[in-house]
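Understanding the architecture of this molecule
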Amino acid sequence: MARINLILLALLTACALGLVTSQHQARKLFAELEHEQNLAKQLEVEWGQLQLEQSTWAMHARVEKVARERLHMSVPDARRTQVVLPAAAAGR
Amino acid sequence: MNYAASPVLALRLPLWRSRLLLALIAGGFLVLAGRAVYLQGLNNDFLQQKGESRYSRVLEISANRGKITDRHGEALAISTPVKSVWAIPEEVQYSSQQRARLAALLELSPREIDKRLNEATAFVYLKRQIAPEVAERVGELRISGLFQNREYRRYYPGGEVMAQVLGFTGADDAGQEGIELAFQSTLAGKSGSRRVIKDRLGQIVEDTESIREAQNGRDLVLALDARLQNLAFSQLKRAVNSTKAKAGAIVVLDAKTGEVLALANLPTYNPNNRNRLAGAQLRNRVITDTFEPGSTLKPFTVAVAIEQGKATPASVIATAGGSLSIGKATIHDAHRFGDMTVAQVIQRSSNVGAAKIALSLPAEAMWGMFDQVGFGAAPRLGFPGEAGGKLRAYKSWRPIEQATMAYGHGISVSLLQLARAYTIFARDGELMPLSLLRIDTPPVGKQVISAATAHKLRDMLELAVQPGGTAPRARVMGYRVAGKTGTAHKEENGGYAERKYVSSFVGLAPASDPRLVIAVMLDEPSAGEYYGGVVAAPVFSAVMGGALRMLGVPPDAPLNPLELPPEGSEIKESV
């Protein structure tokens, strides 16, 4: 009888310790998850800012200005343009 | 001495004393048990709440406002988080050194900070919407009584080019103008909240419940094409500067789908820096302002006549003499050409011809046409402040009014309504519903005139941009163009202003299978020239040419260089 009780006591202690450890593990993992989620949010914000930056740099008014003034480019007029129709449209 | 024989032990105390003691102790335990039951079972809310507040917190989850992009996904409006610095003035304590640092960081003078702090006692914003990096440095000053909260600020990379279309949001991230206001419910996010358990270090260890999910606002894809928008804006700007016009507007419609591909206004403003804004800059003239369109309405009058069988393009109208008297009023033409065919009335924009055609028509039929192409009713785009214009009931028309309406006076429309009405000529008689958002399947139009009539009108409108018409400057190399000029005296104080004009041009191309409808309007051009064919048509030509090239529309005309007629040789239209 006493032996069974001792075994059960040992089991109980083991279970209790297991519970504590797993709870601790869960919390640690949760904190990690939380951290990663915050990071994701931060990256999202950064992505938004980068998108903003990209579209600011790529604004057509700016591109056109750079092309004209710095690269001395110009739009070819219609006389120097050869229009190639897509095969489907040409076959009609 | 024997212990057991002690006489003290032999002493008998009365039994009630021990009983009383027992009862008292038992009673004490009962009271304790009762209190415990009361606190833990019956009235436990208060303590539970207190206990929870030691470890559980409700966190706000912020939601993003949706992006606005053009039809190709280019970002036109994006929100990014910023910080606002606020203070509880009663609690603010800082050294003069800290104050100087704070003032420098917030770009305020120290005296201004003092003034703000003296304004209120409980709450005051020191500065709203500052960059997160600056906010962090403000936080490092560790001034008590100073707090920060997170807000969103909206940026518009396109700046002034599409300011009136997009509108803007206020400091609380709610739309105040334009599309930001019109689609507020779509764009706005709903912030959520959740309850969490924090440990003594303030780290979240457990998520106990999600009270409300945060919902980010949805992204909005506009019909606008940023390249076309920029082209339209820059050409309009050039024209407004060179003609010294007070204002200008342009709209580009896709004739196939009814989408608004570009829409620009001048004067304009920079939505990223909205100091000193005036009403004139904010107005989206294309949508919210109406004007008397003038000759651009003549094609509709002629369309009624052809639909009713009252005329064909070749029927001759007795316009010789160049004037027509109705009652006390007289209508004049700018040039005398002798009698003209209906096609020539459009080509040379004859007021007398249009008036004579109108007088041969029942008022009801003319009203019916104007009504069906959408004049007098707002186009229902969902845009704030859409104008419907003025179209009076035909029963109250007098003959002179019917005659003047034939060439666009006594009726007012917005530029958007005018461009939309021209879709009936671009689409074989169908009027298209318009859309500010990109649509994947084109909607079904409403048949207003027959395809045959639409073709005849398109041919006449093509004549108007040929040499001998009012707008040879509207031509585009490589494409057949059709269009009509308009020049009208401005209405002022109930009459017409002598020297103030609204010049316009509405046209479509390529005429063989129209893809785009473009309407241009210049308000009070005052550099000498004011005819629509001289000031507005070149804008149309430049934008149409560029747009067709960008969209890859195959040319339908030989690529011969256009020879512009010498200055001042085009047919002056009647005003």
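What you see as residue numbers is a count from 1 along each chain, following the sequence as written. The lettering of chains begins at A and the numbering of ligands begins at 1, in the order of writing. Side-chain atom pairs in this predicted model are given and counted only at pLDDT of 80 or more, local residue features only at pLDDT of at least 70, and totals for whole chains, interfaces and linings cover all residues.

Overview of the overall build of chain A
Applied cut-off: For the purposes of this entry, the term helix denotes a DSSP run of H or I that reaches at least four residues, the term strand denotes a run of E that reaches at least two, and both are numbered from the N terminus. We call a residue exposed when 12 or fewer other C-beta atoms sit within 10 Å of its C-beta, buried when the count reaches 20 or more, and partly exposed for counts in between; the C-beta positions come from the backbone.
What chain A contains, in helices and strands, is three helices and zero strands. Written out in order from the N terminus, the α and β elements of chain A read α-α-α. A total of 92 residues make up chain A; the buried ones form 2% of that total.

What to know about the interface of chain A and chain B
This is how the line gets drawn: What counts as a contact here is a pair of residues whose C-beta atoms, placed from the backbone, lie within 7 Å. When residue character is reported, Ala, Val, Leu, Ile, Met, Phe, Trp, Tyr, Cys and Pro are called nonpolar, Asp, Glu, Lys and Arg charged, and the others, Gly included, polar.
Taken together, the contact pairs 19 residues of chain A with 23 residues of chain B. It is helix H1 (residues 2-57) of chain A that contributes the most residues to the side of chain A that touches chain B, 11 residues altogether. Each residue belonging to the side of chain A that touches chain B can be placed in one class, and the counts come to 10 nonpolar, six polar and three charged.

Describing the confidence of the model for chain A
Convention followed: The quantity known as pLDDT measures the predictor's confidence residue by residue, on a range of 0 to 100.
Model confidence for chain A is summarised by a mean pLDDT of 84, while 88% of its residues fall at 70 or above. Taken element by element, chain A is modelled with least confidence in helix H3 (residues 87-91) of chain A, mean pLDDT 50, and with most confidence in H1(A), mean pLDDT 90.

A closer look at the domain arrangement of chain B
Many descriptions give the size of an interface as the accessible area lost when the pieces come together. Residue and element names in this part refer to chain B. Applicable threshold: Where a domain begins and ends is set by an automatic assignment or by a domain database.
Domain annotation of chain B identifies domain 1 (56-87 + 153-222) and domain 2 (226-551). If you look at the interface, domain 1 gives 23 residues, while domain 2 gives 22 residues. Of all the secondary structure elements, the ones that give two or more residues to the side of domain 1 that touches domain 2 are helix H6 (163-166), helix H7 (178-182) and strand S8 (220-221). Of the residues assigned to the side of domain 1 that touches domain 2, the class counts are 14 nonpolar, four polar and five charged.

Re the sheet that holds strand S1 (residues 56-61) of chain B
Residues and elements named next belong to chain B. Selection criterion: Any two strands are treated as partners once DSSP identifies two or more bridges connecting them. Axis angles are defined between N-to-C directions and span 0 to 180 degrees, where every axis is a line fitted to C-alpha atoms and, for a helix, only to the segment in contact.
The strand order across the open sheet formed by three strands is S1-S6-S7, and the pairing between neighbours is antiparallel. Looking at which strands have only one partner, the edges of the open sheet turn out to be S1 and strand S7 (204-212). Direction aside, the axes of adjacent strands within the sheet are offset by 30° on average. In this sheet, strand S6 (residues 192-198) lies alongside S1 in antiparallel orientation, the contact comprising six bridges. Bridge pairing links valine 58 to arginine 195 in S6.

Digging into the nonpolar core
Residue and element names in this part refer to chain B. Keep this limit in mind: Residues enter a nonpolar core if they are buried, belong to Ala, Val, Leu, Ile, Met, Phe, Trp, Tyr or Cys, and are joined to the set through C-beta atoms within 7 Å.
Core analysis: the biggest nonpolar cluster contains 136 residues, and Ile250, Val251, Val252, Leu516 and Val543 have the highest contact counts within it. Built from parts of two domains, this core gets at least three residues from each of domain 1 (56-87 + 153-222) and domain 2 (226-551). Apart from the residues lying within four places of it in its own chain, the contact partners of isoleucine 250 are Ala232, Leu236, Ala264, Ile518, Val520, Val539 and Val543. Core analysis: the second largest hydrophobic core is formed by 10 residues, Val85, Leu102, Ala135 and Leu146 among them.

A closer look at the packing of helix H12 (residues 298-307) of chain B against helix H19 (residues 451-464) of chain B
Residue and element names in this part refer to chain B. To keep things clear, this is the line we draw: Any angle that falls under 35 degrees is termed roughly parallel, while one over 145 is termed roughly antiparallel, one within 65 to 115 roughly perpendicular, and all others oblique. For any helix crossing, the convention is left-handed if the near helix is rotated counterclockwise from the far helix by under a right angle, and right-handed if that rotation is clockwise.
Direction vectors running N to C along H12 and H19 enclose 140°, while the axes themselves pass 10 Å from each other. With respect to H19, the axis of H12 lies oblique. Between H12 and H19 lies a crossing of right-handed hand. Of the residues in H19, those in contact with Pro299, Val302, Ala303, Ile306 and Glu307 of H12 are Thr453, Lys456, Leu457 and Leu461.

Description of the pairing of strand S21 (residues 516-523) of chain B
Where a strand is regular, its side chains alternate between the two sheet faces. Residue and element names in this part refer to chain B. Taken across its eight residues, S21 has eight buried, putting it largely inside the fold. In this structure, strand S9 (residues 247-254) lies alongside S21, joined through eight bridges in antiparallel fashion. By the bridge assignment for S21, leucine 253 is matched with valine 517. Pairing of strand S20 (residues 495-509) with S21 involves eight bridges; the strand directions are antiparallel. Counterpart to valine 506 in the pairing with S21 is alanine 519. Taking the residues that link successive antiparallel strands as the turn, the S20-S21 hairpin has six residues.

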